[in-house]
Amino acid sequence: MREAEPIVAGPGVTAQRMLSATEPSLAGGSGDTPVFELAGPKPGGTMMILGGTHPQEIGGVLAAVLMIENARVKQGRLIVVPQANRSGFTHTDPMEAYLHSFVIDTPAGPRWFRVGMRLTNPADQWPDPDVFVHSPSGERMVGHETRNLNRNHPGRPRGWLTARVSHALTALAKEASLVLDLHEAQPEYPVINMMVAHEHAFETAATATAAMQARRIPISLAASPKNLHGLSHREFGDYTNAEAVLTESPNPAMGRLRGRTGEDLVVDGHDPNYVRAAKLKRLFVSFDEQGWPLKTRVARNLAAIEELINAYNELHPEAPIEVENIPEYKEVIARGLGAFLQPPPR
């Protein structure tokens, strides 16, 4: 579980570094994670994309990976962190019978990826307090949330590991004009197929949501609650100048109603339990024998990235972000993820 999954820099990547270049205390440790930069020849805006804030939410991880391996920037810059909480990729949820990894076939051979856990590995940060007190808001949460990256923002430079990772990501977000944090949720969770936006980002997110709906990609819009602290869509918007947005897509492998957590569920998104639950109207998304395949969820995330960039450019023509070669929604669904992954490293 300590072996890093391969991520291949595509032709659009102009620089690579580790997160410890931003926060030196992470150097060589379990929280240090790769940061990829795709910069265009002309100055413009900067978009930061986070995958792997919760590592088992693999639709977000793979969307970030496909951006790294395919996208090219013509103007402005992309900062992509595909494994935001890298420690979380080194373990799985105890007693939940999760796969450690899964495989996607490509024309040049198989590529493997991790199924991690939403919290920092307790081997890297222990013990949990009885009560986690968020800084600086003072909001009190259950103790294990101290290992949840998306409850630690904006982080602390001299805090525990998860807080220092958050501090480094917040520092990166200060370089950005637009931030997107890619997440997934169980089908029985109400905040799903949704874009959650800070008030500073609401016009951009509303424009992007309308464009996705016009493409018949189901998505709704929600405002970031002002009194729910530690989440990226709240704290990045409050503590940086970036417009902060978070998306959620449906992942049946995360749900409490799921059956066996094998590759048929994790990659293909099939589960008869969820088909029955949908007929009983117990879900917040549709669910039939087609399921919610990983390729469909990744395609949704890529469409969200594309439409957020379009919306941002419409509202900020003075400093646009122009990106080409983002894998197209219908093409990803038709051809599968393997068609857009780089060959496995030798």
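The structure displayed is predicted, hence computed values, not measured ones. (Residues numbered from 1 in each chain as written. Predicted model: local features only at pLDDT ≥ 70, side-chain atom pairs only at ≥ 80, totals over all residues. Heavy atoms only, no water.)

1. Some thoughts on the pattern of salt bridges
Oppositely charged side chains can form a pair if their charged atoms are brought close together. Quick reminder of the rule: Only one rule defines a salt bridge in this text: a Lys or Arg side-chain nitrogen within 4 Å of an Asp or Glu carboxyl oxygen. Labels follow the DSSP assignment, with helices taken as runs of H or I lasting at least four residues and strands as runs of E lasting at least two, numbered in each case from the N terminus. Exposure categories follow from relative accessible area, calculated using a 1.4 Å probe and restricted to protein chains: below 20% of the type maximum is buried, above 50% is exposed, and the middle band is partly exposed.
Under the definition given, this model contains 17 salt bridges. In this structure, R234 engages E199 in a salt bridge whose closest nitrogen and oxygen atoms are separated by 2.8 Å. Of this pair, R234 sits in helix α4 (residues 232-239) while E199 sits in the loop between β10 (194-197) and α3 (202-214), and the two are 35 residues apart along the sequence. Accessibility expressed as a relative area gives 2% for R234, which makes it buried. The exposure class of E199 is partly exposed, given its relative accessible area of 37%. For the salt bridge of E331 with R335, the shortest nitrogen-to-oxygen distance reads 3.6 Å. Taken together, the residues span about one helical turn, with E331 and R335 both in helix α8 (residues 329-335) at a distance of 4 residues. In the salt-bridge network here, residues are joined through shared partners; they are R17, E37, R77 and E175.

2. Overview of α3
Stated formally: One less than the residue count of a helix, multiplied by 1.5 Å, gives the span that helix is expected to have. Contacts were defined at the residue level, with two residues in contact if any of their heavy atoms lie within 4.5 Å.
If you check α3, its first and last C-alpha atoms are 18 Å apart, about what 13 residues at 1.5 Å a residue would give, namely 18 Å. Looking at the buried residues of α3, the elements they touch are β10, β11 (220-223), β12 (243-250) and α7 (294-315). Positive backbone phi, approximately 65 degrees, marks R216, located one or two places after α3.

3. Quick notes on the nonpolar core
Convention followed: Working definition of a nonpolar core: buried Ala, Val, Leu, Ile, Met, Phe, Trp, Tyr and Cys residues. They are joined through side-chain atoms within 4.5 Å.
Ranked by internal contacts, the top residues of the largest apolar core, which has 61 residues, are M47, L78, F102 and I305. Not counting chain neighbours up to four residues away, the residues in contact with L78 comprise F36, E37, L38, M47, I49, M67, V73, I321 and V323. Judged by nonpolar contacts, the second largest core, of 20 residues, contains M48, V81, A84 and A244.

4. Considering the environment of T170
Within the element layout of this structure, T170 appears in helix α2 (residues 161-173). Filtering out sequence-adjacent residues up to four positions away, T170 remains in contact with H153, P154, F236 and T240.

5. Let's talk about α4
It helps to recall that an α-helix has 3.6 residues per turn; residues three or four apart then point in one direction. The element α4 is extensively covered by neighbouring structure, given that 6 of its 8 residues are classed as buried. Taken together, the buried positions of α4 are S232, H233, R234, E235, F236 and G237. In the core, the buried residues of α4 are packed alongside β3 (42-50), α2, β9 (178-185), β10 and β12.

6. Quick word on the packing of helix α1 (residues 58-70) against α7
Quick note on the threshold: Angles here are taken between N-to-C directions and fall from 0 to 180 degrees, while the axes themselves are lines fitted to C-alpha atoms, restricted in helices to the stretch in contact. An angle below 35 degrees is read as roughly parallel, one above 145 as roughly antiparallel, one from 65 to 115 as roughly perpendicular, and any other as oblique. Crossings are sorted by hand: turned counterclockwise from the far helix by less than a right angle, the near helix makes the crossing left-handed, and turned clockwise it makes it right-handed. The nonpolar class holds Ala, Val, Leu, Ile, Met, Phe, Trp, Tyr, Cys and Pro. Asp, Glu, Lys and Arg form the charged class, and all remaining residues, Gly among them, are polar.
At a minimum axis distance of 8 Å, the contact between α1 and α7 shows a crossing angle of 60 degrees. By the criterion of interaxial angle, the relationship of α1 to α7 is oblique. In terms of crossing hand, the pair formed by α1 and α7 is right-handed. Of the residues in α7, those touching α1 at I58, G59, G60, L62, A63, L66 and M67 are L294, R297, V298, N301, L302 and I305. Among the residues forming the contact of α1 with α7, the class breakdown is 9 nonpolar, 3 polar and 1 charged.

7. So, the packing of aromatic side chains
The cut-off we apply is this: For this analysis, a ring pair means two rings from Phe, Tyr or Trp (six-membered ring only for Trp) whose centres lie within 6.5 Å, classed as stacked if their planes differ by under 30 degrees, edge-to-face if by over 60, and tilted for the remaining angles. Only lysine NZ and arginine CZ atoms are considered, and such an atom sits over a ring when it is within 6 Å of the ring centre and within 35 degrees of the ring normal.
Here the structure, examined in full by the defined rule, presents 3 aromatic pairs. The interplanar angle of 80 degrees and the centroid separation of 5.9 Å between the aromatic rings of F132 and W160 together place this pair among those described as edge-to-face. Within this pair, whereas F132 is found in strand β7 (residues 131-133), its partner W160 is found in the loop between β8 (140-142) and α2, the two being separated by 28 residues in sequence. The partly exposed category is assigned to W160, whose relative accessible area is 28%. Here the guanidinium or amino end of R258 rests over the ring plane of Y98, the centre of that ring lying 4.9 Å away. In this structure, R335 is placed above the aromatic ring of F340, and the distance from its NZ or CZ to the ring centre is 5.0 Å.

8. With respect to the environment of G10
If you trace the backbone, G10 turns up in the segment before β1 (15-18). Sequence separation between G10 and V65 is 55 residues; the distance between their C-alpha atoms is 9.5 Å. In this structure G10 touches I68, E69 and Q342, once residues within four positions along its chain are discounted.

9. Section: the side chain of R111
What counts, and what does not: Pairs of N or O atoms within 3.5 Å make up the polar contacts considered here, provided that, within protein, one atom can donate a hydrogen while the other can accept it, and that residues adjacent in sequence are counted only when both atoms are side-chain atoms.
Examined against the element boundaries, R111 turns out to sit in strand β6 (residues 109-114). Of the polar contacts made by the side chain of R111, one reaches the backbone oxygen of Q342; its length is 2.8 Å.

10. Overview of the pairing of strand β2 (residues 34-39)
Note on strand geometry: in a regular strand, side chains alternate between the two faces of the sheet. Operational definition: Strand pairing requires that DSSP identify at least two bridges connecting the strands.
Extensive coverage of β2 is indicated by the burial of 5 of its 6 residues. By the bridge criterion, 4 bridges tie β1 to β2 in an arrangement that is antiparallel. Bridge pairing in β2 links R17 to V35. Of the pairings in the sheet, the one linking β2 to strand β4 (residues 72-81) comprises 4 bridges and is antiparallel in character.

No statement about biological role is implied by the geometric values presented.
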